[in-house]
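Observations on chain architecture
Here is how the chains run, residue by residue.
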Amino acid sequence: EPEVTQTPSHQVTQMGQEVILRCVPISNHLYFYWYRQILGQKVEFLVSFYNNEISEKSEIFDDQFSVERPDGSNFTLKIRSTKLEDSAMYFCASVSGQSYGYTFGSGTRLTVV
Amino acid sequence: GESVGLHLPTLSVQEGDNSIINCAYSNSASDYFIWYKQESGKGPQFIIDIRSNMDKRQGQRVTVLLNKTVKHLSLQIAATQPGDSAVYFCAENVGNRDDKIIFGKGTRLHILP
C-alpha cells in the first residue's frame, strides 16, 4: 500500500536554529499538508499546499514557517528560528483530490532544547 | 465555529467486549467525518469515514453512526482486541475533498486482558 514517508523520525535542535522536516507524499497525490501534535494534545492543522503554492494556513503557521516542494517528490517544512514551543510531532499528509481520505506519514518528533 | 470535541478522554474495555467512542461536533456545515486511530509513535491511521448524507456505515468490526440532529458521531468497535488499544480521534471536513480536516482531542482506549 502506498505510504507517506517522513524523515527524520526524530530531530533534536537548539533553540534559534533552523530545521527542515522532509516528506515524500504518495506519488499521484496533488494536495499536501502539514499538521502538528503537541504531546498529549490533538492534531492541529498548519498548512495546505496545492499547485506549488499555499492554499490555506493556520494561525500557528507564522513567518517562521515555510513550505516548499523543491522537486517532484519531496515536500518540506522549514522552521527558521525554532522556539521551545515548537517541540511537537509534525505529520505530513497527502490527498489525491479524486477521493476523500488523507494518508498521514509516521511523523517527525521535533525536540527544541 | 469549527470545533470537534470528545466526551471521554479515556475508555477501558474488557477484551472481547464492544466499545463505543463518542464525539460531538459543532459545525453544522461539516459534511464528511472520519475516525482515525493513532498508536504510540505513529501517525493517524484511517479507520472509517461517513458522509453527511448517511447515518450509519459499517466496516470490518467497526461501525460509525452519525446523528446530524444533535451533531454527534460515534465509533463502535466490536469484539475488541489488544491491538485496538490506541488513541482514537474523530475529525471533520467542511468543504471539498482537499480541504483541511479538523481533529477532536482524542479518546484513549485501553483493552483490559
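Since the structure is predicted, the reported quantities are computational estimates derived from the model, not experimental observations. (Residues numbered from 1 in each chain as written. Chains lettered and ligands numbered in written order. Predicted model: local features only at pLDDT ≥ 70, side-chain atom pairs only at ≥ 80, totals over all residues. Heavy atoms only, no water.)

What about the packing of aromatic side chains?
Residues and elements named next belong to chain A. For clarity, the threshold we go by: Two rings from Phe, Tyr or Trp (for Trp, the six-membered ring) form a pair when their centres are within 6.5 Å of each other. A pair whose planes differ by under 30 degrees is stacked, one over 60 is edge-to-face, and the rest are tilted. Numbering of helices and strands starts at the N terminus; helices are DSSP runs of H or I of at least 4 residues and strands are runs of E of at least 2. A 1.4 Å probe rolled over the protein chains alone gives each residue an accessible area, and that area as a share of the maximum for its type sets the label: buried under 20%, exposed over 50%, partly exposed in between.
A complete count under the given rule lists 17 aromatic pairs over all chains for this structure. Where Tyr33 meets Tyr102, the ring centres are 4.4 Å apart and the plane angle is 25°; that geometry is what we call stacked. Residue Tyr33 is located in strand β4 (residues 31–37), and its partner Tyr102 is located in the loop between β9 (88–95) and β10 (103–104); the two are separated by 69 residues in the primary sequence. Given a relative accessible area of 5%, Tyr102 falls into the buried group. Pairing Tyr35 with Phe45 gives two aromatic rings, centres 5.6 Å apart and planes at 70°, and the pair type is edge-to-face. You can see Tyr35 sitting in strand β4 and its partner Phe45 sitting in strand β5 (residues 44–50), a full 10 residues away along the chain. Both residues of the pair, Tyr35 and Phe45, belong to the buried class.

Here we look at the interface of chain A and chain B
Heads up, the condition is: In this description, contact between two residues means that some pair of their heavy atoms is separated by no more than 4.5 Å. Reported buried area values correspond to the accessible surface (1.4 Å probe) lost by two parts on association, with both partners' losses combined. We define a salt bridge as a contact between a side-chain nitrogen of Lys or Arg and a carboxyl oxygen of Asp or Glu at a distance within 4 Å. In the analysis that follows, any N or O atom pair within 3.5 Å is treated as a polar contact, provided that within protein one partner can donate a hydrogen and the other can accept it, and provided that, for residues neighboring in sequence, both atoms belong to side chains. Amino acids outside the nonpolar list (Ala, Val, Leu, Ile, Met, Phe, Trp, Tyr, Cys, Pro) and the charged list (Asp, Glu, Lys, Arg) are all regarded as polar, and Gly is one of them.
Taken together, the 20 residues of chain A in the interface contact 19 residues of chain B. Interface of chain A and chain B: buried area, both sides summed, is about 1,800 Å²; carbon and sulfur atoms make up 59% of it. A salt bridge links A:Glu56 to B:Lys100; its shortest N-O distance comes to 2.5 Å. Viewed at the interface, chain B and chain A are joined by five residue pairs in polar contact (both at pLDDT 80 or more). For the side of chain A that touches chain B, the secondary structure elements donating two or more residues are β4 and β9 of chain A. No other element matches the four residues that β4(A) contributes to the side of chain A that touches chain B. Along the lines of polarity and charge, the residues of the side of chain A that touches chain B split into 10 nonpolar, eight polar and two charged.

Quick look at the state of the cysteines
Stated formally: The criterion for a disulfide is a pair of cysteine sulfur atoms lying within 2.5 Å.
Applying the stated criterion to the full structure yields two disulfides over all chains. With its sulfur 1.9 Å from that of its partner, A:Cys23 forms a disulfide with A:Cys92. Note on the A:Cys23 and A:Cys92 pair: the S-S dihedral is about -65°, so by sign convention the disulfide is left-handed. You can see A:Cys23 sitting in strand β3 (residues 19–24) and its partner A:Cys92 sitting in strand β9, a full 69 residues away along the chain. A:Cys92 gets classed as buried once you look at its relative accessible area, which sits at 0%. Each sulfur in the disulfide pair B:Cys23 and B:Cys90 lies 1.8 Å from the other. The sign of the 55° torsion about the S-S bond sets the B:Cys23-B:Cys90 disulfide as right-handed. With B:Cys23 in strand β3 (residues 19–25) and B:Cys90 in strand β9 (residues 86–93), this pair connects stretches of sequence that are 67 residues apart. In this pair, the class of B:Cys23 matches that of B:Cys90, namely buried.

A closer look at the nonpolar core
The following threshold applies: The term nonpolar core refers to a set of buried residues drawn from Ala, Val, Leu, Ile, Met, Phe, Trp, Tyr and Cys, joined through side-chain atoms within 4.5 Å.
Membership of the largest hydrophobic core comes to 21 residues, with the highest contact counts inside it found for A:Trp34, A:Leu46, A:Phe61, A:Val67, A:Phe75, A:Leu77 and A:Tyr90. Mapped onto this core, the elements with two or more residues apiece are β3, β4, β5, β7 (65–68), β8 (75–79), β9 and β11 (108–112) of chain A. Once residues within four sequence positions are removed from consideration, A:Phe61 is found in contact with A:Leu46, A:Val47, A:Ile54, A:Ser66, A:Val67 and A:Leu77. By size, the runner-up hydrophobic cluster in this structure holds 20 residues, among which are B:Leu11, B:Ile48, B:Ala86 and B:Tyr88.

Quick word on the environment of A:Met89
Residues and elements named next belong to chain A. Mapped onto the elements, Met89 comes out in strand β9. On the basis of relative accessibility, which here comes to 8%, the residue Met89 falls in the buried class. Placed 22 residues apart in sequence, Met89 and Thr111 show a C-alpha to C-alpha distance of 8.7 Å. Beyond its immediate stretch of four places on either side in the chain, Met89 contacts Tyr35, Arg36, Gln37, Ser106, Gly107, Thr108 and Arg109.

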